[in-house]
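Structural characterization, general
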Amino acid sequence: SLIMKLFSFIKLNRIFLLLIVISLILRVTTTLYSFQFRENTDALRWKDWGRIAYLHSLADTYKPTYLTFGTLPNNMPPGTLYAVAGMYDLNIQISKVILKFTGAKEGSILWINQYLPNLLFRFPSIISDIIIAYLIYHIVKEKKSRKIAIFSSSLFLFNPIVIYNSSFMGQMDSLNNIFVFVSIFLLYKNRTFFPILFFFLSLFIKLSLIFFIPVYAILFLQKKSLKKIIAYTLLSFACIML
């Protein structure tokens, strides 16, 4: 039954899925193309923070003690650090497997030490781009037609600014943006607690969308009582602190 549903979904959404594949190829190609240029400062920070988290602790990334590249210590909320540390650890594990099968000495393969981590650091943002595009597609398809949904999601998928930000520069904006998109999606589904929680998760990764709080307050007040909003906000904040 699950397999039949999967085939049915692929059949009904094959054009959208084709666009996803094309956008993934475009993003990976853009990432590989970016390697011929000098690494930007943020990419060096990801390496520094990931290395410090792996060798020492997450908390040590917020201190200048173990910095290697001369960049700033961690100045981001913990959510970004979790993504960076996770990708750095994944890079270490992949490297171990490759070295074991090739028999090469540690540090002898340049692309493992330089290019692989840069590719993996972009992975969360690239996947986030795809999920955001799907949410746009899903919401618009329910309100409009499938063609308009494909067009709407394509405007995001193939937006040069989005591709440049996540694939070329390797920024983490899509990672925190996805939580806001999920929050909007859940709000659209008339949920109350989880939209607030996901919005707080966005701020837990990056504070760039904090200005959106007044807009959220207006949207929620149109749907729910102030008492519930305050209660769910405090509960969400407690969950994030835990």
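Summarised in this report is the structure supplied together with it. (Residues numbered from 1 in each chain as written. Predicted model: local features only at pLDDT ≥ 70, side-chain atom pairs only at ≥ 80, totals over all residues. Heavy atoms only, no water.)

1. Looking at helix α7 (residues 146–157)
Given 3.6 residues per turn, any residue in an α-helix points the same way as the ones three and four places further on. We apply this condition: Only DSSP runs of H or I with at least four residues qualify as helices, and only runs of E with at least two residues qualify as strands; both kinds are numbered from the N terminus onward. How far a helix is expected to stretch is found by multiplying one less than its residue total by 1.5 Å. Three exposure classes are used, based on accessible area relative to the maximum for each residue type with a 1.4 Å probe and protein chains only: buried under 20%, partly exposed in between, and exposed over 50%. Our arc is simply the arc of the directions from the helix axis toward the C-beta atoms. We call two residues in contact when some of their heavy atoms are within 4.5 Å.
Its twelve residues give α7 an end-to-end C-alpha distance of 16 Å, which sits within 8% of 16 Å, the value for a rise of 1.5 Å per residue. Burial in α7 covers these residues: A149, I150, S153, S154, F156 and L157. The arc that holds every buried residue of α7, seen down its axis, measures 155°, which confines them to one face. When the buried face of α7 is taken as reference, the exposed residues oriented beyond 90 degrees from it are K147, F151 and L155. Structurally, α7 contributes buried residues whose contacts are with α2 (14–34), α6 (115–143) and α8 (160–168).

2. Examining the nonpolar core
A general trend in soluble globular proteins is that nonpolar side chains are found buried together. Selection criterion: By nonpolar core is meant a set of buried Ala, Val, Leu, Ile, Met, Phe, Trp, Tyr and Cys residues that side-chain atoms within 4.5 Å join together.
Judged by nonpolar contacts, the single largest core of 35 residues is most densely connected at W46, W49, V84, F121, F156 and L157. Elements represented by at least two residues in this core include exactly α2, α3 (41–55), α4 (78–102), α6, α7 and α9 (173–188). Top element by residues in this core is α6. It accounts for ten residues. Leave out the neighbours within four places in its chain, and F121 touches W46, K47, V84, M87, Y88 and M172. If you look at the next biggest cluster of nonpolar residues, it comprises 14 residues, including V180, F200, F204 and L209.

3. Side note on a nonpolar patch on the surface
Just so we agree on the cut-off: Patch rule: a residue counts if its relative accessible area is over 30% and it has no salt bridge; like charges are joined within 9 Å, and nonpolar side chains (Val, Leu, Ile, Met, Phe, Trp, Tyr) within 5 Å. Reported accessibility uses the Shrake-Rupley method at a 1.4 Å probe radius. Residues are deemed covered only where the shown protein chains occlude them. Any Lys or Arg side-chain nitrogen located within 4 Å of an Asp or Glu carboxyl oxygen qualifies as a salt bridge.
Where nonpolar side chains cluster on the molecular surface, the patch consists of L207, I210, F211 and I213 and spans about 390 Å² of accessible area. Among the structural elements, I210 can be located in the loop between α10 (193–205) and α11 (213–221).

4. Here we look at the side chain of S166
Using the following cut-off: Here a polar contact is recorded for every N or O atom pair within 3.5 Å, except that within protein the pair must consist of a potential hydrogen donor and a potential acceptor, and residues adjacent in sequence are included only if both atoms are side-chain atoms.
With respect to the helices and strands, S166 occurs in helix α8. Under the relative-accessibility criterion, S166 is labelled buried at 0%. At 2.7 Å, the side chain of S166 forms a polar contact with the side chain of D129. Among the polar contacts made by the side chain of S166, one reaches the main-chain carbonyl oxygen of V162 at a distance of 2.9 Å. Apart from the residues within four sequence positions on either side, S166 is in contact with R27, R122, S125, D129, Q171 and S174.

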